Amino acid sequence: MLHRVEGIVIRSMDYGEGNAIITLCTENAGKVGVLVRGAKKARSRHAALIQPFTVGQFVFFRNNGGLGTLNSGEITESHHPLREDLVKAAYSSYACELLDRVLHDEETGSFWFRQLAACLNGLEEGKEPGVIINVYEMKILQAAGYGPQLEHCVICGREKPDDQLLISPRLGGVLCRSCKHNDPPSMEISPRSLKLLRLFAKLDLTRLGNVDVKADTREELKKVMRAIMDFQLGLRLKSQNFLDQLDKYNI
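Here the structure is a predicted model, which is why all the values come from computation and not from measurement. (Residues numbered from 1 in each chain as written. Predicted model: local features only at pLDDT ≥ 70, side-chain atom pairs only at ≥ 80, totals over all residues. Heavy atoms only, no water.)

(A) Region of interest: the overall build of the chain. Across its full length, the chain carries seven helices and eight strands. Structurally, the chain occupies a C-alpha span of about 65 × 40 × 30 Å along its principal axes. Looking at the chain residue by residue over its 251 residues, the buried ones come to 48%. Total accessible area computed for the chain in this model is approximately 12,700 Å², and 47% of it derives from carbon and sulfur atoms. A gap of 2 Å separates the mean positions of the 33 positive and 31 negative side-chain charges of the chain. (Helix = DSSP H or I, 4+ residues; strand = E, 2+ residues; numbered from the N terminus. Buried < 20%, exposed > 50% of the residue type's maximum accessible area, 1.4 Å probe, protein only. Areas by Shrake-Rupley, 256 points an atom, 1.4 Å probe, with all protein chains shown as cover. Lys, Arg positive; Asp, Glu negative; His and termini not counted. Charge placed at Lys NZ, Arg CZ, Asp CG, Glu CD.)

(B) Quick look at the sheet that holds strand S4 (residues 55–61). With mixed pairing, the five strands of this closed barrel are ordered in space as S1-S2-S3-S5-S4. When the angles between neighbouring strand axes are averaged without regard to direction, this sheet yields 50°. Pairing of strand S3 (residues 31–36) with strand S5 (residues 68–77), which is carried by two bridges, proceeds in the parallel orientation. The residue of S5 that forms the bridge with Leu 35 is Thr 69. (Pairing = 2+ DSSP bridges. Axes fitted to C-alpha atoms, helices over the stretch in contact; angles between N-to-C directions.)

(C) Here's a closer look at the environment of Val 87. Among the secondary structure elements, Val 87 is positioned in helix H2 (residues 86–102). Look at Val 87 and you get partly exposed, because its relative accessible area is 27%. Considered as a pair, Val 87 and Phe 242 are 155 residues apart in the sequence and their alpha carbons are 9.8 Å apart. Apart from residues no more than four positions distant in its own chain, Val 87 is found in contact with Leu 246 and Ile 251. (Contact = heavy atoms within 4.5 Å.)

(D) Inspection of the side chain of Glu 97 at higher detail. Counting through the fold element by element, Glu 97 comes out in helix H2. Despite being buried, Glu 97 has no salt bridge partner; Arg 101 is the closest side chain of opposite charge, sitting 4.1 Å away. Here the side chain of Glu 97 touches Ser 239 through a polar contact of 2.6 Å, side chain to side chain. (Salt bridge = Lys/Arg side-chain N within 4 Å of Asp/Glu carboxyl O. Polar contact = N/O pair within 3.5 Å; in protein donor to acceptor, adjacent residues only side chain to side chain.)

(E) Layout of the side chain of Thr 23. Following the sequence through the fold, Thr 23 ends up in strand S2 (residues 19–26). Sequence-distant contacts of Thr 23, that is, excluding residues within four places in its chain, are made with Ile 8, Val 9, Ile 10, Arg 11, Val 32, Gly 33 and Asp 100.

(F) Seen up close, the packing of H2 against helix H4 (residues 129–143). Interaxial distance between H2 and H4 falls to 11 Å at its minimum, and their mutual angle equals 5°. As judged from the angle between their axes, H2 and H4 are roughly parallel. Contact residues: H2 offers Tyr 91, Tyr 94, Ala 95, Leu 98, Leu 99 and Val 102, while H4 offers Pro 129, Ile 133, Tyr 136, Glu 137 and Ile 140. (Parallel < 35°, antiparallel > 145°, perpendicular 65-115°, else oblique.)

(G) Structural detail: the pattern of salt bridges. Under the criterion given, the structure shown has 13 salt bridges. When the shortest N-O distance is used, the salt bridge between Glu 125 and Lys 127 registers 3.8 Å. Overall, Glu 125 belongs to the exposed group, its relative accessible area being 56%. In this structure, the salt-bridge partner of Asp 247 is Lys 222, at a minimum N-O distance of 3.2 Å. Residue Asp 247 is found in helix H7 (residues 238–248), and its partner Lys 222 is found in helix H6 (residues 215–233); the two are separated by 25 residues along the sequence. Take Lys 222: its relative accessible area is 31%, and that puts it in the partly exposed class. Among the charged side chains, a network of salt bridges with common partners joins Arg 11, Lys 31, Asp 100 and Asp 105.

(H) The nonpolar core, seen in detail. Among the nonpolar cores identified, the biggest contains 53 residues, and Leu 116, Tyr 136 and Leu 197 are the most heavily contacted of them. Those elements that provide at least two residues to this core are strand S1 (2–15), H2, helix H3 (110–124), H4, helix H5 (191–202), H6 and H7. Contacts of Leu 116, omitting those with residues within four sequence positions, involve Ile 8, Ile 10, Cys 25, Ala 95, Cys 96, Leu 99 and Tyr 136. Listed in part, the 14 residues of the second largest apolar core include Leu 24, Ala 39, Ile 50 and Phe 60. (Core = buried A, V, L, I, M, F, W, Y, C linked by side-chain atoms within 4.5 Å.)

(I) Representation of H2 within the structure. An ideal rise of 1.5 Å per residue puts 24 Å on 17 residues; H2 measures up with 24 Å between its terminal C-alpha atoms. Within H2, twelve of the 17 residues are buried, which leaves the element mostly enclosed by the surrounding structure. Of the residues making up H2, those classed as buried are Ala 89, Ala 90, Tyr 91, Ser 92, Tyr 94, Ala 95, Cys 96, Glu 97, Leu 98, Leu 99, Asp 100 and Val 102. The backbone nitrogen of Val 87 lies 3.1 Å from a side-chain oxygen of the residue at the head of H2, namely Asp 85. (Expected span 1.5 Å × (residues − 1).)

This is the structure in structure tokens:
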């Protein structure tokens, strides 16, 4: 059967002699794997279509699910600047790998196509990458069923314990001081960071403008979100390791 989809290339890998397999996050068909014959050969008309972060119209044959075979394609957004910039490429790769690893094929769709597109557009436009990724991570956690409880204590239910700010990555939400013994390693969190996390939980990336966040707050948000992601999802992503190396060398 012939399929025509709008999609974003979230993964590309070599296959055989000069071929490639791409994974697409599509508007209406979830995640789709497509074989692109001859894509790695010189002068291939499909060479540009297999580049990570490329957005385009893809036409492919597929019978009864499984891997499709590309017939034709047309690029609508190459996102070439993302691949030219080391930091932007690292964050973009992380966003794509995170979606690929966490969400099943049938869980992706129009919403996630728009979220990923907005994430890549924001990174290309030069918006603060840490903020963009934190909002994106929050959406991923919510989709996977691990969205943190930020409005009341996860143990006793006390609402908005803003006078005593703790967050437990292991328990998945804020704690009041009276319940700290349930997770002694819980983290201190500033009122501003907690306010931003609550905003991230309610906001989607298509509505994210330029958010002015101080450097120390960005650093705190990064540590908190990283801890939550590690405890709740337990993933070991190549792109995350590369981001860690960029942080290590202050790139």
